[in-house]
Amino acid sequence: MIRLTIDSTGLARTRFVVSPLHEAVNTLMASALSSPTGPYAWVGRTRRLLRREKLELLSGLALEQDGGYIPDFLSPHPEGPEPTVAEQLEAVRRTDPERVLAELETAQRGLPEANLAGRRLPEAVLRTLRRGPRYFAERVADELGHYWESALAPYWPDARAVLDAEIDQRGRHLARYGSGSLFNSLSPQLSWADGLIRLESRFDVTLPARMVLLMPTLVSRRIHVILDPVDGCHRAPTLMYPIGTPAAAPQTPTPALAQLLGPTRADLLAALVDPITTADLAARHFLSAGTVSYHLGVLHRSGLVSRVRSGREVLYRRTPRGEEMLATE
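What counts, and where the lines are drawn
- Residues numbered from 1 in each chain as written.
- Predicted model: local features only at pLDDT ≥ 70, side-chain atom pairs only at ≥ 80, totals over all residues.
- Heavy atoms only, no water.
- Helix = DSSP H or I, 4+ residues; strand = E, 2+ residues; numbered from the N terminus.
- Buried < 20%, exposed > 50% of the residue type's maximum accessible area, 1.4 Å probe, protein only.
- Contact = heavy atoms within 4.5 Å.
- 1 Å grid on protein atoms, 1.4 Å probe; cavity = no way out; pocket = protein on both sides within 12 Å on 5 of 7 lines; lining within 4 Å.
- Points joined across faces, edges and corners; volume = space filled by probe spheres on them.
- Nonpolar A, V, L, I, M, F, W, Y, C, P; charged D, E, K, R; others polar.
- Expected span 1.5 Å × (residues − 1).
- Arc of directions from axis to C-beta.
- Polar contact = N/O pair within 3.5 Å; in protein donor to acceptor, adjacent residues only side chain to side chain.
- Pairing = 2+ DSSP bridges.
- Axes fitted to C-alpha atoms, helices over the stretch in contact; angles between N-to-C directions.
- Phe/Tyr/Trp six-rings, centres within 6.5 Å; stacked < 30°, edge-to-face > 60°.
- Lys NZ or Arg CZ within 6 Å of the ring centre and 35° of its normal.
- Salt bridge = Lys/Arg side-chain N within 4 Å of Asp/Glu carboxyl O.

Asks: I'm lost on the overall build of the protein in this one. Help?
Replies: Summing up its helical and strand segments, the protein has 15 helices and 10 strands in all. For the protein, the proportion of its 329 residues judged to be buried stands at 48%. Expressed as a percentage of contacts within the protein between residues at least 6 apart in sequence, the contacts between residues at least 24 apart total 71%.

Asks: How should I be thinking about empty space enclosed by the protein in this particular structure?
Replies: Rolled over the atoms, a probe as big as a water molecule pinpoints where empty space is left. This model, assessed by the stated rule, comprises one cavity of 30 Å³ or more. Of the voids in this model, the largest cavity is the one considered here, and its volume is about 100 Å³. A per-class count over the lining of the largest cavity returns four nonpolar, four polar and three charged.

Asks: Could you clarify how one ought to interpret helix H6 (residues 97-109) in this entry?
Replies: Along an α-helix, residues three or four apart share an orientation, since each turn contains 3.6 residues. Between its first and last C-alpha, H6 extends 18 Å over 13 residues, near the 18 Å set by a 1.5 Å rise per residue. The set of residues buried in H6 consists of Arg-99, Val-100, Glu-103, Leu-104, Thr-106 and Ala-107. All buried residues of H6 project into a common sector of 150° when viewed along the axis, lining one side. Of the residues in H6, the exposed ones pointing more than 90 degrees away from the buried face are Glu-98 and Arg-109. For H6, the elements touching its buried residues are helix H4 (56-61), helix H7 (123-129) and helix H8 (133-152). Here H6 starts with a cap whose side-chain oxygen sits 2.7 Å from the backbone nitrogen of Glu-98, and that cap is Asp-96.

Asks: Looking at this structure, I do not really get the sheet that holds strand E2 (residues 15-16). What am I missing?
Replies: Taken in spatial order, the four strands of this open sheet run E2-E6-E8-E7, and their pairing is mixed. In this open sheet, the two strands that pair with only one neighbour each are E2 and strand E7 (224-226). Both E2 and strand E6 (residues 213-217) contribute to a ladder of two bridges, which runs parallel. Considered in E6, the bridge of Phe-16 is made with Leu-214. Packed on one face of the sheet, helix H9 (residues 156-177) meets E2, E6 and strand E8 (238-242) and runs near 130° to E6.

Asks: Help me out: how do you make sense of the sheet that holds strand E3 (residues 190-193) in this one?
Replies: Strand pairing in a sheet relies on backbone hydrogen bonds, with the paired strands running either antiparallel or parallel. Ordered by their spatial adjacency, four strands build an open sheet running E3-E4-E1-E5, and the pairing between neighbours is mixed. In this open sheet, the two strands that pair with only one neighbour each are E3 and strand E5 (205-208). Pairs of neighbouring strands in the sheet enclose a mean axial angle of 15°, with direction left out of account. Bridging between E3 and strand E4 (residues 196-199) involves four bridges; their strand directions are antiparallel. Bridged to Leu-190 within E4 is Leu-199.

Asks: Sorry, what's going on with the packing of aromatic side chains here?
Replies: The description of an aromatic ring pair rests on the distance of the ring centres and on the angle between the ring planes. One pass over the structure, following the stated rule, counts two aromatic pairs. Ring geometry for Trp-148 versus Trp-156: centroids 5.4 Å apart, planes at 65°, classification edge-to-face. A residue is classified by how much of its surface remains accessible, and Trp-156, at 13% relative accessible area, is buried. Cation over ring: Arg-131 sits above Tyr-135, and NZ or CZ is 4.2 Å from the ring centre. Geometry around Tyr-135 places Arg-139 over its ring, the cationic atom sitting 4.9 Å from the centre.

Asks: Help me out: how do you make sense of unusual backbone geometry in this one?
Replies: Positive phi, normally seen in glycine, also occurs at Asp-194, with a value near 55°. Inspection of the secondary structure puts Asp-194 in the loop between E3 and E4.

Asks: Whenever I open this one, the pairing of E6 confuses me. Can you help?
Replies: Here E6 lies mainly inside the structure; five of its five residues are buried. Across the two faces of E6 the burial is the same, with Leu-213, Met-215 and Thr-217 and Leu-214 and Pro-216 all buried. Examined bridge by bridge, E6 and E8 share five bridges and lie parallel to one another. Looking across to E8, one finds that Leu-214 is bridged to Leu-239.

Asks: Hey, could you run me through the pattern of salt bridges in this one?
Replies: Oppositely charged side chains are able to pair whenever their charged atoms sit close together. If you walk through the whole model with that rule in mind, you get 12 salt bridges. Here Arg-170 and Glu-166 are joined by a salt bridge, their closest N and O atoms 2.7 Å apart. A residue pair is termed a helical-turn pair when its members lie 3 or 4 positions apart in one helix, as Arg-170 and Glu-166 do in helix H9 at four residues. With respect to class, Arg-170 is no different from Glu-166; both count as buried. Between Arg-318 and Glu-323 there is a salt bridge, with its nearest N and O atoms 3.3 Å apart. Looking at Glu-323, the relative accessible area reads 35%, which means it is partly exposed. Several salt bridges converge on common partners, so that one network encompasses Arg-93, Glu-138, Arg-139 and Asp-142.

Here is the structure:
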C-alpha cells in the first residue's frame, strides 16, 4: 500500500501535467500497452523499434517484467503543465551526477524496505557508466531523443489531443464535485479521505506530500505513483493514471484533403471521432460556434457527417463516406 498524506495547502498546489518523456519512458515498462490493434497500437511497436535501432542504454534499462525500476531522471520532473521534449531532453543531459549514480544504484539494488526489487544491468549500461555519470546522462539523452523522433513523435499530436481532452474533462469534474471526488474517480485502486491518499500496490511506502502531480497516460495499463528514491531531493509525487476509456485519437487530415475541403472543414472532419456538439468543437478549435455550425452544415449536406439530437444537444459524427474520404485522401 502507498500512502500519501496531504493537507489543504498540498491540495491547492496539486495540478495536472502532460509530459512527453514520461510517455516515452512508460513504453519501456513491462506494463505498457501491447495491443496490435486499435488507435494506440503504436505503443506496442515501440519496443520493436527500440531493438531495431540498437539503442543499447534504453534497451538495457527497459523492464521485461513488473517489479523493477527505471531511473526517474530519464523522465524529468515537470516544472510546468506543458514541458516540451527539447526542454526535458536538456534536463536529462544536465542531471546532477550524484542523482544519476543514486538512481542507477537503486535500479541494481532495489529498495528492500519498499519491496522494490533490484536487477542486474547489462554490460553496455555499466560500460557507459564507467565513463562517468555526466557522460552517461548525455548519451542516454541522445538515445531518448532518437527514440522519441522515431517511435513517438509521429503520433504525439493526436495523443496530446486525447490527453488534453482528458484533463479538460477532469477539470470540469473538479469544478463540480471537488478534489476529494476527483481523486476517488481516477481508479478503483485509489482512494482519498481525511487528508490521506491510498493506492493499492505491491510496494509499501508512507510519506507526506506537499503537492501531487496528476498525469494521465495513454501508455500505462494501470495506475501508479512515481516517488523520488533519492534522499534529500523531495520532488513531489506524481500520480500517473491510465485514461479509463480513451477516446479514439483524432486523425490529421492530409494536405490533399485540406486542399479539397479547405483546412478548417478538413480539421473538423478529422476531429469527429466520437459524437460531439458544435460548442465543444468550437472550444477545441478556437473558433466561433457560428463558424463551426456553418462548416458542419456544408459537411452534412455533402454527406460526410451525420447529426442526431440527444436531449437538448445536437451531436455530429463522421459518416462512412466521411471515414472513407479521410482514409483515402
